[in-house]
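# Structural features, examined
Each chain is listed here by its residues.
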Amino acid sequence: MFAPSPRICRNNPWPGKPAPNYEEFSGNNFDLQEDATKAAILEKVMKGRQPAELMLRCTILDAAGNVKTISGQFKKSDLSMEHRLNARDLRKIDSRVPNLVPTILIRKEAILVNILHIRALVKADTVVLFDTYGSADSRLHSVFLYHLEHNLKAKGSGSPYEFRALESILLSVLSALEAEMVFIRNLVGGLLAELEDNIDHDRFKRLLHYSRRLASFKNRAKLVEEALEEVLGQDEDLTAMYLTDKKNNVLRGLQDHEELEVLLESFSKQVEEIVNEAENIESNVQSTQEIVELILDSNRNALLALDLQVSIGTMGIGSGALVAGFYGMNLANHLEESPYGFYGMTAVSTTLALLVAWAGFRRLAKIRKVGLSNTQNSSKPRRPWLPLPLRRRSPEGWFR
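Because the structure is predicted, anything quoted here is derived from the model rather than measured. (Residues numbered from 1 in each chain as written. Predicted model: local features only at pLDDT ≥ 70, side-chain atom pairs only at ≥ 80, totals over all residues. Heavy atoms only, no water.)

Broken down by element type, the protein chain carries nine helices and eight strands. For the protein chain, with 400 residues in total, the buried portion stands at 30%. Taking the contacts inside the protein chain whose residues are at least 6 apart along the sequence as the reference set, 59% of them involve residues at least 24 apart. Accessible area of the protein chain: about 27,900 Å², with a carbon and sulfur share of 57%. (Helix = DSSP H or I, 4+ residues; strand = E, 2+ residues; numbered from the N terminus. Buried < 20%, exposed > 50% of the residue type's maximum accessible area, 1.4 Å probe, protein only. Contact = heavy atoms within 4.5 Å. Areas by Shrake-Rupley, 256 points an atom, 1.4 Å probe, with all protein chains shown as cover.)

Pasting the structure below:
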């Protein structure tokens, strides 16, 4: 005799032991894969940051305004030690984010400026222009460098070295904002003029693109204005920006910063004008969008009204055809022998169709009347409007 074969359990391959939880195993494997992916990405990022971001490319101008070094490579640690800065002060200078918040940082012996395409370190006798690796702003430095060099050499103005450098930096920023403002204004103005002649899908897409670009520009200009206003609101920072006096051990009062305040206020007002112009252009774009939407709504309502008119005409013709259909049945109605039956029924059908169509068109005309107040249900005549002092006055005199 053969021994009975053991029963095979498909759900539990290990007899006498609890069945393993496959869902728990799959969940753990998924978590392990996710952790491994995160670790690999983190390792790749850290490897990319180690050698490259410790170096900065700089252009240095000396006290006479001459270019001492062009695109020289320096370590961040060496720059921090030489100019007595913290490592975190150079973080925003070396950042890879293209749209940074504009900042003007005042330190003990230097001023760090990070506004739009300008990233500079200003001291009492040195200007360091930074250009990070992979930055698209390096081409703008050549445009700005000539004016900076010329302004630093002009010692007859009487302004300290750091103020002449700061003036050149702010003038370059203002010129960049004005150039972009003129470019966007021409784009938007031309598109709005085209929309007055013809409205199509492509122009709407361009208007959306220009609106986003205008909003981005206005945001950048506002951030520049806020950075200048933040410095103007701090008397201690304004006094600390007199680096030449600090180097020569000249003591200044907390409120003795009129020259620098006038310089910053001048640029702040010009940036404010650019912001106001951007807001006006944005308001014109919004007004044009609202007008275009009204025109499209009007055209859509006209199409709907045309559809209703066709439906009403079809209903009138169907009403007349209904009468003809009744008499078109093969039933005796004693009109077959009448010589005027055809003309009579044609007249009745046509009259009924015209009456139904006229009633429908009249009702549609009443519905399409739009007013600021609903006067259809009011049977009483409305009094003419009078100013408040004349409402109680009659031809004989005032009511008592």
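Now for the pattern of salt bridges. One pass over the structure, following the stated rule, counts 13 salt bridges. With its nearest N and O atoms 2.6 Å apart, the salt bridge here joins E109 to R84. With a gap of 25 residues between them, E109 in the loop between β3 (103-106) and β4 (111-115) and R84 in the loop between α2 (76-82) and β3 connect regions that are remote in the sequence. Since its relative accessible area comes to 31%, E109 is described here as partly exposed. Residue R84 is classed as exposed on the basis of its relative accessible area, which comes to 54%. The partner of E149 in a salt bridge is K153, with the nearest N and O atoms 3.4 Å apart. Taken together, the positions of E149 and K153, both in helix α3 (residues 138-153) and four residues apart, correspond to about one turn of that helix. Taking relative accessible area as the criterion, K153 reaches 42% and is therefore assigned partly exposed. Counted as one network, the salt bridges with shared partners bring together E194, D200, R203 and R206. (Salt bridge = Lys/Arg side-chain N within 4 Å of Asp/Glu carboxyl O.)

The subject of this paragraph is the pairing of strand β2 (residues 67-75). By the bridge criterion, six bridges tie strand β1 (residues 55-61) to β2 in an arrangement that is antiparallel. When the bridges of β2 are listed, L61 appears paired with V67. Linkage of β1 to β2, two consecutive antiparallel strands, is achieved through a turn of five residues, within which G65 is found at a positive phi near 90°. (Pairing = 2+ DSSP bridges.)

For the rest of this paragraph, the subject is the packing of aromatic side chains. The geometry of an aromatic ring pair is captured by the separation of the ring centres together with the interplanar angle, meaning the angle of the planes. Throughout the structure, instances matching the rule amount to one aromatic pair. Between F163 and Y242, the ring centres sit 4.8 Å apart and the planes meet at 75°, which makes this aromatic pair edge-to-face. Here F163 is found in helix α4 (residues 161-197), whereas its partner Y242 is found in the loop between α6 (235-240) and α7 (243-247), with 79 residues between them in sequence. Comparing F163 with Y242 shows no difference in burial state: the two are buried. Cation over ring: R252 sits above Y242, and NZ or CZ is 3.9 Å from the ring centre. (Phe/Tyr/Trp six-rings, centres within 6.5 Å; stacked < 30°, edge-to-face > 60°. Lys NZ or Arg CZ within 6 Å of the ring centre and 35° of its normal.)

Pairing is antiparallel across the open sheet formed by six strands, whose spatial order is β2-β1-β6-β5-β4-β3. If you trace the sheet from one side to the other, it starts and ends with β2 and β3, each paired once. With strand direction ignored, the average angle separating the axes of adjacent strands in the sheet is 20°. Each of β1, β4, β5 (118-122) and β6 (127-131) is contacted by α4, which is oriented at about 175° to β5, the strand it contacts most. (Axes fitted to C-alpha atoms, helices over the stretch in contact; angles between N-to-C directions.)

With that settled, the discussion passes to unusual backbone geometry. Backbone geometry places R84, a non-glycine residue, at a positive phi of 55°. For N249, which is not a glycine, the phi torsion comes out positive at approximately 60°. Looking at the secondary structure, you find N249 in the loop between α7 and α8 (258-327).

A cluster of nonpolar residues, L322, F326, Y327 and M329, forms a patch on the protein surface that exposes about 420 Å² of accessible area. Mapped onto the fold, L322 is located in helix α8. Residue L322 is classed as partly exposed on the basis of its relative accessible area of 49%. (Patch = residues over 30% accessible without salt bridge, like charges linked within 9 Å, V, L, I, M, F, W, Y side chains within 5 Å.)

With that settled, consider helix α9 (residues 341-368). A rise of 1.5 Å per residue sets the reference length of α9, with its 28 residues, at 40 Å; its end C-alpha atoms lie 41 Å apart and thus fit the reference within 8%. Regarding α9, the residues found buried are G341, M345, S349, A353, A357, G360 and L364. Next to the buried residues of α9 lie α8. (Expected span 1.5 Å × (residues − 1).)

Of all hydrophobic cores here, the largest spans 55 residues; its most connected members are L61, V127, L129, L148, M241, L260 and L264. With 15 residues, the top contributor of residues to this core is α4. Not counting chain neighbours up to four residues away, the residues in contact with M241 comprise I106, I111, E162, F163, L166, V231 and L260. With 12 residues, the next largest nonpolar core counts L56, I60, L90 and V128 among its residues. (Core = buried A, V, L, I, M, F, W, Y, C linked by side-chain atoms within 4.5 Å.)

Let's shift gears to helix α5 (residues 201-232). Look at α5: 47 Å from first C-alpha to last across 32 residues, which is about the 46 Å you get at 1.5 Å a residue. Structurally, the start of α5 carries an N-cap: the backbone nitrogen of R203 is 3.1 Å from a side-chain oxygen of D200. (Polar contact = N/O pair within 3.5 Å; in protein donor to acceptor, adjacent residues only side chain to side chain.)

Within the protein chain, residue pLDDT values average 77, and 76% of them lie at 70 or more. Residue range residues 1-14 is modelled with pLDDT below 50. Its contacts to residues more than four positions away, or to other chains, number six contacts. (pLDDT = per-residue confidence, 0-100.)

On to a positive patch on the surface. Taken together, R362, R363, K366 and K369 make up a surface patch of like positive charges. For K369, the position within the fold is in the loop between α9 and β7 (393-394). Classification of K369 as exposed rests on a relative accessible area of 64%. (Lys, Arg positive; Asp, Glu negative; His and termini not counted. Charge placed at Lys NZ, Arg CZ, Asp CG, Glu CD.)

Following both chains from N to C, one finds α4 and α5 inclined at 155°, their axes separated by 10 Å at the closest point. Here α5 runs roughly antiparallel to α4, going by the angle between their axes. In the packing of α4 onto α5, the handedness of the crossing is left-handed. Residue classes in the contact of α4 with α5 are distributed as 17 nonpolar, no polar and six charged. (Parallel < 35°, antiparallel > 145°, perpendicular 65-115°, else oblique. Left-handed = near helix turned anticlockwise from the far one by under 90°. Nonpolar A, V, L, I, M, F, W, Y, C, P; charged D, E, K, R; others polar.)

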